[in-house]
Amino acid sequence: MEYEEAKEKIVAGLTKKLKTKSKFYFNDLTKILDLKPRVAKKLINQLVQEGVLEYWSSGSTSMYGMPGTGKQAGAEHEEKNT
């Protein structure tokens, strides 16, 4: 699969699901791409490097999402008033 084709599939797939959730597991992305994990990982990492996807980790869970989406998107750029 070419990079541009993977990019289109991921963006289209995640955009459809954004109404219900904003972060996705690696396995969700491999299902969208319909690729084996090793092949999908290279494409997903490239999408993260180019800013199409963002990597998110809670320390125990790693997920991916589109930049600027989700509940924390607004709070991540706010400064705390102390």
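For the structure, see preceding data.
Keep in mind it's a predicted model, so treat the numbers as computed, not measured. (Residues numbered from 1 in each chain as written. Predicted model: local features only at pLDDT ≥ 70, side-chain atom pairs only at ≥ 80, totals over all residues. Heavy atoms only, no water.)

Student: Can you walk me through the overall build of the protein chain in this structure?
Tutor: Looking only at helices and strands, the protein chain features 3 helices and 3 strands. Tracing the protein chain from N to C terminus, the helices and strands come up as α-β-α-α-β-β. Per-residue burial for the protein chain yields a buried fraction of 30% across its 82 residues. By sequence separation, contacts in the protein chain at least 24 residues apart represent 48% of the contacts at least 6 residues apart. As presented, the protein chain carries roughly 6100 Å² of accessible surface, and 49% of it is formed by carbon and sulfur atoms. (Helix = DSSP H or I, 4+ residues; strand = E, 2+ residues; numbered from the N terminus. Buried < 20%, exposed > 50% of the residue type's maximum accessible area, 1.4 Å probe, protein only. Contact = heavy atoms within 4.5 Å. Areas by Shrake-Rupley, 256 points an atom, 1.4 Å probe, with all protein chains shown as cover.)

Student: Please explain helix α3 (residues 37-49) as it appears in this structure.
Tutor: For the α-helix, the turn length of 3.6 residues means that residues three or four positions removed from each other point alike. Compared with an ideal rise of 1.5 Å per residue, which puts 13 residues at 18 Å, α3 spans 18 Å between its outermost C-alpha atoms and is within 8% of the ideal. Among all positions in α3, only Ala40, Leu43, Ile44 and Leu47 are buried. What you see down the axis of α3 is that its buried residues fit within an arc of 100°, all on one side. When the buried face of α3 is taken as reference, the exposed residues oriented beyond 90 degrees from it are Arg38, Lys42 and Gln49. On the buried face of α3, the contacting elements are α1 (3-17), α2 (26-33) and β3 (62-65). One or two steps after α3, the chain reaches Gly51, where phi turns positive at roughly 85°. (Expected span 1.5 Å × (residues − 1). Arc of directions from axis to C-beta.)

Student: Just to check I follow, could you spell out the environment of Leu29 for this structure?
Tutor: With respect to the helices and strands, Leu29 occurs in helix α2. In sequence terms Leu29 and Leu14 are 15 residues apart; their C-alpha atoms lie 8.7 Å from each other. What Leu29 contacts, discounting residues up to four positions off in sequence, is Ile10, Leu14, Phe24, Ile44, Leu53 and Tyr64.

Student: Sorry if this is basic, but what is going on with the pairing of strand β2 (residues 54-57) here?
Tutor: Note on strand geometry: in a regular strand, side chains alternate between the two faces of the sheet. The pairing of β2 with β3 spans 4 bridges and is classified as antiparallel. Within β3, the residue paired with Trp56 across the bridge is Met63. Between β2 and β3, which pair antiparallel and follow one another directly, the connecting turn spans 4 residues, one of which, Gly59, has a positive phi of 110°. (Pairing = 2+ DSSP bridges.)

Student: Quick question: what am I supposed to make of the nonpolar core here?
Tutor: It is characteristic of soluble globular proteins that their nonpolar side chains tend to be buried jointly. The biggest cluster of nonpolar side chains holds 16 residues, and the ones touching the most others in it are Ile10, Leu14, Leu29, Leu33, Ile44, Leu47 and Leu53. Secondary structure elements with two or more residues in this core: α1, α2 and α3. Among residues more than four places away in sequence, those in contact with Leu14 are Phe24, Leu29, Ile32, Leu53 and Met66. (Core = buried A, V, L, I, M, F, W, Y, C linked by side-chain atoms within 4.5 Å.)

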